[in-house]
Amino acid sequence: MSPDARVDVIESPSETSTAGPVLRYLSGFGNELQSEAISGVLPEGQNSPQRPPRGLYTEQLSGTPFTAPRAENRRSWLYRIRPSAMHRPFRRIEDRLLRTAPVSEADPSPNRLRWNPLPFPDEPADFVDSLTTIGTNGDAARRDGIGIHVYRATRTMTDRVFYNADGELLIVPQQGRLLLRTEFGPLEAAPGEIAVIPRGVKFRAELPDGRARGYVCENYGALFRLPELGPIGANGLANPRDFLSPSSAFEERDDACEMVAKFEGHLWATELDHSPLDVVAWHGNYMPYKYDLARFNTIGTISYDHPDPSIFTVLTSPTDTAGTANCDFVIFPPRWMVAEHTFRPPFFHRNVMSEFMGLIHGAYDAKAEGFAPGGMSLHNCLSAHGPDRATFDKAVAAELKPHKIADTLAFMFETRLVIRPTRFALETPELQQDYDACWAGFEKMFKG
């Protein structure tokens, strides 16, 4: 993308204040972008001049090895008030309910699992403190697999920042907005949007609505990218121009600040005497971004039967095995159903991939009840699942005229490896003990 990338200006006033921030975004996915908070700060014609403008320090942030192929290489150059190297030694702090693969607290099983929405904690908790792991797979140290977490934040991160050295964070808000102040500038993610914070990028999560709940996929593997379109052609699904990255903004603060790092499965902290969100300008192709899921161009059948749910993939983390994802992020948005002679809800299914689902709002079209916004389900490798009895009965009796599925937004993290639930996930009162009952009572209809 040219340096003169289109800039979208979005006003995002906070509901808890009379004047919220004005957020400026750069458009495009995986592009070479540049941004400066003060005009003339970016060096011309080189990355690391002897004396950068205005006394800034030059720093490169590498998201891939230096020698990664050009098409895969991700890095950005930052021009900051103080170098990131300026900090004291880290110390271990409590991990709370945060876990990292490999986790062996409980044995995985072929049982289908579903949870009610996890309640907000009684004690104040910021984004980091509230991270609660539901399950993991793979091995973070080997850069393979994912961690699946829920956040339930009731307190803004104040004088505190966080970065994750184990994986990139795909954040899916379900209730309340997150204002993510990053090294690259601020971005806001509301329910119905997602945000991705790359591995190593520092940020602070603020709560414009007082509290926020949602889901997080911690991706240990290959960076998320747009899926190949194959026979679909050049257009469709998530369009690159709809992904937005923040414009540069910086904090020049000389106050005490705690910096928390997630490193090899544990939380560490150190103290700074300044804000590390002090990047005045940057350029590169490794930066945070957000995406409005309402912009997804849904593609489906206009004749009969179902396309595979992979047709709803927004982002994918591939593996060395073609077509087999470390993680696919899939959504089930509002859409028209027009298939003729077809059972229209999701069909009964057994999948070699493992599926974790969440519901952002509305109802999911395969379940008549029991799957509430903020809830989640886990169907591991080859565990049979599909519509519940009420949905089945309604679908087989329905008149097959065009029907709009509206007021819904569900998503799925689909992964090649079995997801191992944490002890918390199996012991929380929000785990539904009667989930299997939704498939009870399918009588024999065979007529021989």
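Because the structure is predicted, anything quoted here is derived from the model rather than measured. (Residues numbered from 1 in each chain as written. Predicted model: local features only at pLDDT ≥ 70, side-chain atom pairs only at ≥ 80, totals over all residues. Heavy atoms only, no water.)

Enquirer: Where do I start with the overall build of the protein chain in this structure?
Expert: Looking only at helices and strands, the protein chain has three helices and 29 strands in total. What you see for the protein chain is a C-alpha radius of gyration of 23 Å, in line with the 22 Å of a compact globule of 448 residues. When the backbone C-alpha atoms are referred to their principal axes, the protein chain occupies close to 85 × 50 × 45 Å. Among the 448 residues that make up the protein chain, the fraction classed as buried is 54%. Counting only contacts in the protein chain whose residues sit at least 6 apart along the sequence, the fraction spanning at least 24 positions is 76%. For the protein chain, the distance from the average position of its 47 positive side-chain charges to the average position of its 58 negative side-chain charges is 1 Å. (Helix = DSSP H or I, 4+ residues; strand = E, 2+ residues; numbered from the N terminus. Rg over C-alpha atoms; globule rule 2.2 N^0.38 Å. Buried < 20%, exposed > 50% of the residue type's maximum accessible area, 1.4 Å probe, protein only. Contact = heavy atoms within 4.5 Å. Lys, Arg positive; Asp, Glu negative; His and termini not counted. Charge placed at Lys NZ, Arg CZ, Asp CG, Glu CD.)

Enquirer: Just checking my understanding: could you explain the pattern of salt bridges for this structure?
Expert: Close approach of charged atoms lets side chains of opposite charge pair. Under the definition given, this model contains 33 salt bridges. With a closest N to O distance of 3.1 Å, R225 and E72 form a salt bridge. Of this pair, R225 sits in the loop between β16 (212–219) and β17 (244–246) while E72 sits in the loop between β4 (57–62) and β5 (75–80), and the two are 153 residues apart along the sequence. Looking at E72, the relative accessible area reads 34%, which means it is partly exposed. A salt bridge links R295 to D242, with the shortest nitrogen-to-oxygen separation between them at 3.4 Å. With a gap of 53 residues between them, R295 in the loop between β21 (289–292) and β22 (313–318) and D242 in the loop between β16 and β17 connect regions that are remote in the sequence. Judged by its relative accessible area of 49%, R295 falls in the partly exposed class. (Salt bridge = Lys/Arg side-chain N within 4 Å of Asp/Glu carboxyl O.)

Enquirer: Could you clarify how one ought to interpret the nonpolar core in this entry?
Expert: Proteins that are soluble and globular tend to have nonpolar side chains buried together. Counting 49 residues, the largest nonpolar core has V314, L315, F329, F356 and F413 as the members making the most contacts within it. The residues touching F356, leaving out its near neighbours within four places in the chain, are I134, I148, Y215, M376, S377, L378, F411, M412, F413 and I419. Of all hydrophobic cores here, the second largest spans 40 residues; its members include L61, F203, L244 and Y286. (Core = buried A, V, L, I, M, F, W, Y, C linked by side-chain atoms within 4.5 Å.)

Enquirer: Is there a simple way to explain the side chain of N164 in this structure?
Expert: Looking at where N164 falls in the secondary structure, it is placed in strand β10 (residues 160–164). Residue class for N164 comes out buried when judged on its relative accessible area of 3%. At 2.7 Å, the side chain of N164 forms a polar contact with the backbone nitrogen of D166. A polar atom in the side chain of N164 sits 3.3 Å from the backbone nitrogen of G167. The residues contacting N164, other than those within four sequence positions of it, are L169, R199, G200, E218 and K262. (Polar contact = N/O pair within 3.5 Å; in protein donor to acceptor, adjacent residues only side chain to side chain.)

Enquirer: Explanation requested: the sheet that holds strand β3 (residues 33–36) in the structure shown.
Expert: Whether parallel or antiparallel, the strands of a sheet pair through hydrogen bonds between backbone atoms. Pairing is antiparallel across the open sheet formed by four strands, whose spatial order is β3-β20-β5-β4. The sheet is open, and its two borders are formed by β3 and β4, each paired with just one other strand. In this sheet, adjacent strand axes meet at a mean angle of 20° when their direction is disregarded. Relative to strand β20 (residues 279–284), β3 runs antiparallel, the two sharing four bridges. (Pairing = 2+ DSSP bridges. Axes fitted to C-alpha atoms, helices over the stretch in contact; angles between N-to-C directions.)

Enquirer: Explanation requested: the packing of aromatic side chains in the structure shown.
Expert: Each aromatic ring pair is described using two quantities: the centre-to-centre distance and the angle formed by the ring planes. Within this structure, the stated rule accounts for 21 aromatic pairs. Arranged with centres 5.2 Å apart and planes meeting at 75°, the rings of F29 and Y289 form a pair that is edge-to-face. Here F29, found in the loop between β2 (22–27) and β3, pairs with Y289, found in strand β21; they are 260 residues apart in sequence, far enough to count as distant. When sorted by exposure, F29 lands in the same class as Y289, which is buried. In this structure an aromatic cluster arises from ring pairing among Y215, F329, F356, F411 and F413. Stacked on the ring of F120, the Lys or Arg R211 has its end atom at 4.1 Å from the ring centre. Above the face of the F442 ring, R389 is positioned so that its terminal group lies 5.5 Å from the ring centre. (Phe/Tyr/Trp six-rings, centres within 6.5 Å; stacked < 30°, edge-to-face > 60°. Lys NZ or Arg CZ within 6 Å of the ring centre and 35° of its normal.)

Enquirer: Help me understand the environment of F411, please; the structure alone is not making it clear to me.
Expert: Within the secondary structure, F411 is located in strand β28 (residues 408–415). A residue is classified by how much of its surface remains accessible, and F411, at 0% relative accessible area, is buried. Between the C-alpha atoms of F411 and F356, which are 55 residues apart in sequence, the distance is 8.4 Å. With near-sequence residues (within four places) excluded, F411 lies in contact with V172, Y215, F329, V330, I331, F332, F356, M357, G358, L359 and I360.

Enquirer: Explain the pairing of strand β14 (residues 193–197) to me, please; I cannot follow it from the model alone.
Expert: Side-chain positions along a regular strand alternate between the two faces of the sheet. The buried fraction of β14 is high, at five of five residues. The side-chain alternation of β14 yields two buried faces, one formed by E193, A195 and I197 and the other by I194 and V196. Two strands pair when backbone bridges link them, and strand β11 (residues 168–175) and β14 are joined in this way by three bridges, in the antiparallel orientation. Bridge pairing in β14 links L169 to I197. Relative to β21, β14 is paired through four bridges, and the arrangement is antiparallel. Of the residues in β21, the one forming a bridge with E193 is D292.

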